[in-house]
Amino acid sequence: MAEHTSDADRVVVALGGNALVEADSSWTYEDQLAVLEETATELAGLLEAGTDLVLVHGNGPQVGNRLLEQEDAETPRLPLDVLVAGTQAEIGYPLGQALESAASGATVATVLTRIVVDPEDSAFEEPTKPVGPFYDEETAASKPFETRRTGKGERPYRRVVPSPEPLEVVERETIGRLLEREDAVICAGGGGVPVSRGDALEGVEAVVDKDYTARLLGTELEADTLLFLTDVEYAYADYGGPDQRPLREVAVDELRTRLENDEFAPGSMGPKVRACCQFLERGGDRAVITTPGRLEAALAGETGTRVRP
Ligand code: ADP
Ligand code: MG
């Protein structure tokens, strides 16, 4: 692989659901592997150019399946933080192998990563993040956790968990050291395993948004670029409306204003746009939103939403 010079470009990539598995379809492990391999092929170009790569992946569908298994009374109940930790292996392992194959000779380290959250975070007062299977009203009421009506139909209820802000990456120093030696580090999968800091670190049943964790890592590792790979080529103004148009080159001030005007959906594009703004406001150079297939063109300034100071 390419030489690791101290001035190598450092890129933190947030890999969305679509870069991992085809969304909203029943999928098999082989389907997921095929999508991972495609994404890895796109990322290989960056590795071959000598970029230091940090990959933060989502885990929505995967942790959903682990929660579904928990419905089986024969299986011992595991806390959500443990299930999230499991998905870091479930996704990190094949993703790492796919990268090593795509960029032959590349070295990839996968780090089990914990994220410190504040137990006083207002997210704990009102859990809003739906996770896992759908239930009817009666089943939902019998569950040992908080559920909420989140949709329509016969089974409109889901478990809801808090989604607090990530404050600190516990493995930050380790990740920094690994980056000096390896070509890529996969870390903080699913947004990281949430822990709170008391006398010791303790697991918390919550989910941290991987977009915010990627931003935190980007700032802490002084990355040059924060790159969001998702299923849309751009963040759009007036999304779904009559004046829908792609945001191409956009200044952080303009994007911040649009964010505050609620132009981006809270559970999807909103966190990415907010993370882009935070990254630039804390000294980052550029943030980019695009699809895996367009990443090289986007980094060359030809497509995607490119946020500038
Ligand atoms: P990921 O798994 O990558 O985090 P999300 O589903 O959370 O993906 O976010 C991407 C989705 O955001 C797109 O598929 C799109 O439907 C939605 N979206 C909401 N608002 C916008 C917008 N203003 N511009 C583009 N996409 C938007
Ligand atoms: Mg998302």
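Not measured: the values here are computed from a predicted model.

## Some details on the packing of helix 6 (residues 210-220) against helix 8 (residues 269-281)
Where helix 6 meets helix 8, the closest approach of the two axes is 9 Å, and the angle between their N-to-C directions is 15 degrees. When the axes of helix 6 and helix 8 are compared, the pair comes out roughly parallel. Of the two elements, helix 6 crosses helix 8, and the hand of that crossing is right-handed. Every residue of helix 8 that contacts helix 6 at Lys 210, Asp 211, Tyr 212, Arg 215, Gly 218 and Thr 219 is listed here: Pro 271, Lys 272, Arg 274, Ala 275, Gln 278 and Phe 279.

## A few points about the site of ligand 1
Around ligand 1 lies a shell of 17 residues, among which Gly 17, Thr 230, Asp 231, Tyr 236 and Lys 272 are the nearest. Lys 272 places a polar side-chain atom, nitrogen or oxygen, 2.6 Å from an oxygen atom of ligand 1. For the shell around ligand 1, the class distribution of residues is eight nonpolar, five polar and four charged.

## A few points about the packing of aromatic side chains
All told, the structure shown has three aromatic pairs when counted by the stated rule. Seen in terms of ring centroids, Tyr 135 and Phe 145 are 6.4 Å apart; in terms of plane orientation they differ by 40 degrees. Their pairing is tilted. With Tyr 135 in strand 5 (residues 129-135) and Phe 145 in the loop between helix 4 (137-142) and strand 6 (147-149), this pair connects stretches of sequence that are ten residues apart. Residue Tyr 135 is classed as buried on the basis of its relative accessible area of 5%. A ring pair is formed by Tyr 234 and Tyr 236, whose centres lie 6.0 Å apart and whose planes are at 70 degrees; its orientation type is edge-to-face. When its relative accessible area of 18% is taken as the criterion, Tyr 236 is described as buried. The ring centre of Phe 145 lies 4.4 Å from the NZ or CZ of Arg 159, which sits over that ring. Lying across the ring of Tyr 212, Arg 274 places its NZ or CZ 4.9 Å from the centre.

## Here's the deal with the pattern of salt bridges
Taken as a whole and assessed by the stated rule, the structure comprises 19 salt bridges. Arg 306 is paired through a salt bridge with Glu 249; the nearest N and O atoms lie 3.1 Å apart. With Arg 306 in strand 17 (residues 305-308) and Glu 249 in strand 15 (residues 249-251), the pair connects residues that are 57 residues apart, well separated along the chain. Arg 306 gets classed as buried once you look at its relative accessible area, which sits at 11%. By relative accessible area, which is 49% here, Glu 249 ends up partly exposed. What emerges from the salt-bridge pattern is a single network uniting Arg 66, Glu 69 and Glu 90.

Reading guide: rules and limits
- Residues numbered from 1 in each chain as written.
- Chains lettered and ligands numbered in written order.
- Predicted model: local features only at pLDDT ≥ 70, side-chain atom pairs only at ≥ 80, totals over all residues.
- Heavy atoms only, no water.
- Axes fitted to C-alpha atoms, helices over the stretch in contact; angles between N-to-C directions.
- Helix = DSSP H or I, 4+ residues; strand = E, 2+ residues; numbered from the N terminus.
- Parallel < 35°, antiparallel > 145°, perpendicular 65-115°, else oblique.
- Left-handed = near helix turned anticlockwise from the far one by under 90°.
- Contact = heavy atoms within 4.5 Å.
- Near = heavy atom within 4 Å.
- Polar contact = N/O pair within 3.5 Å; in protein donor to acceptor, adjacent residues only side chain to side chain.
- Nonpolar A, V, L, I, M, F, W, Y, C, P; charged D, E, K, R; others polar.
- Phe/Tyr/Trp six-rings, centres within 6.5 Å; stacked < 30°, edge-to-face > 60°.
- Buried < 20%, exposed > 50% of the residue type's maximum accessible area, 1.4 Å probe, protein only.
- Lys NZ or Arg CZ within 6 Å of the ring centre and 35° of its normal.
- Salt bridge = Lys/Arg side-chain N within 4 Å of Asp/Glu carboxyl O.

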